[in-house]
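# Reading the structure
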Amino acid sequence: MPDPYAARLQEARAEFDDPLAQVIPPHITVIGPTVVDRADMPSVGEHLGKIADEMPPFRVHLRGTGTFRPVSPVVFVSLAEGIAECELLEQQTRSGVLAQDLRFNYHPHVTIAHEVPDDALDRAFTEMADFEAVFDVSAIWQYEHGDDGVWRPQRSYELRGGREYLRMR
């Protein structure tokens, strides 16, 4: 997530007293947390690199809020554009060495409040309803969850594919 949007979204998450505001940078998850043996990390890198080489850059338009309540205590900023591209990335990524079953259907979004009291979820939903951002996505990032609970970027993979890739899918 580029600045100034990332800074604003992280600030908002902190304003809603989300304890994860300072340890999870604003992002659109492509594939959820996945335990991988260190020995398999080179294969993960090759897998992500191949996907990035085929996927073209794309535009994301964030607009408005949504929630997963009552199933999950989450409020998020919604995607108005870039949904299909994120879904394709997720589908391609969640294969091979990263194949896994989903607990919930994939829904690209940017979390702004998670597992906070209902009044904070309500405030997040209302106060961020007019949030809007448009930016180009030119890379995907691999993160690692540290023993201290902080997610840290490890490597980026530049999206290099042509538009014909999206039309073929």
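See the structure printed just above.
What this report covers is the structure whose coordinates are included nearby. Just so it is clear, the structure is predicted and the values come from calculations on it, not from any experiment.

### Overview of the overall build of the protein chain
The secondary structure content of the protein chain amounts to 5 helices and 6 strands. Traced from its N-terminal end to its C-terminal end, the protein chain shows the element sequence α-α-β-β-α-β-α-β-β-β-α. Radius of gyration (C-alpha) of the protein chain: 16 Å, near the 15 Å computed for a compact globule of 169 residues. Buried positions account for 40% of the 169 residues belonging to the protein chain. Put simply, 70% of the contacts in the protein chain that link residues at least 6 apart link residues at least 24 apart. As presented, the protein chain carries roughly 9,700 Å² of accessible surface, and 49% of it is formed by carbon and sulfur atoms. Between the centroid of the 16 positive side chains of the protein chain and the centroid of its 28 negative side chains there is a distance of 5 Å.

### A few points about the nonpolar core
Ranked by size, the top nonpolar core spans 36 residues in total, and within it L9, F58, V60 and L62 carry the most contacts. Here the element with the most residues in this core is helix α2 (residues 41–54); it accounts for 4 residues. If near-sequence neighbours (up to four positions away) are discounted, L62 is found in contact with M1, L9, V77, S78, L79, V110, F131, E132, A133 and F135.

### Concerning the pairing of strand β6 (residues 151–158)
Here 7 bridges tie strand β5 (residues 139–145) to β6, and the two strands are oriented antiparallel to one another. Across the sheet, E144 pairs through a bridge with R152, a residue of β6.

### So, the packing of aromatic side chains
Taken as a whole and judged by the stated rule, the model has 2 aromatic pairs. With 4.6 Å between their ring centres and 40° between their planes, F68 and F76 make a pair best called tilted. Overall, F76 belongs to the buried group, its relative accessible area being 4%.

### Quick word on unusual backbone geometry
Residue P4 is bonded to the preceding D3 through a cis peptide linkage, with omega at 10°. In this structure, P4 sits in the segment before α1 (5–15). In this chain, R69 is followed by P70 through a cis amide linkage whose omega measures 10°. Within the fold, P70 resides in the loop between β1 (58–67) and β2 (74–81). A positive phi angle, near 60°, is found at D17, a position not held by glycine. Here D17 is to be found in the loop between α1 and α2. Although it is not a glycine, E115 adopts a positive phi angle of roughly 50°. For E115, the position within the fold is in the loop between β3 (109–114) and α4 (118–127).

### Describing the environment of A52
One can find A52 in helix α2. For A52, a relative accessible area of 1% gives the class buried. When the C-alpha atoms of A52 and T93 are compared, they prove to be 9.6 Å apart, with 41 residues separating the residues in sequence.

### Focus on the pattern of salt bridges
Taken as a whole and judged by the stated rule, the model has 12 salt bridges. R38 is paired through a salt bridge with E144; the nearest N and O atoms lie 3.2 Å apart. Residue R38 is located in the loop between α1 and α2, and its partner E144 is located in strand β5; the two are separated by 106 residues in the primary sequence. Among the residues examined, R38 registers a relative accessible area of 63% and is labelled exposed. A single salt-bridge network, built from bridges that share partners, covers R8, E11 and E15.

Basis of the calculations
Residues numbered from 1 in each chain as written. Predicted model: local features only at pLDDT ≥ 70, side-chain atom pairs only at ≥ 80, totals over all residues. Heavy atoms only, no water. Helix = DSSP H or I, 4+ residues; strand = E, 2+ residues; numbered from the N terminus. Rg over C-alpha atoms; globule rule 2.2 N^0.38 Å. Buried < 20%, exposed > 50% of the residue type's maximum accessible area, 1.4 Å probe, protein only. Contact = heavy atoms within 4.5 Å. Areas by Shrake-Rupley, 256 points an atom, 1.4 Å probe, with all protein chains shown as cover. Lys, Arg positive; Asp, Glu negative; His and termini not counted. Charge placed at Lys NZ, Arg CZ, Asp CG, Glu CD. Core = buried A, V, L, I, M, F, W, Y, C linked by side-chain atoms within 4.5 Å. Pairing = 2+ DSSP bridges. Phe/Tyr/Trp six-rings, centres within 6.5 Å; stacked < 30°, edge-to-face > 60°. Salt bridge = Lys/Arg side-chain N within 4 Å of Asp/Glu carboxyl O.

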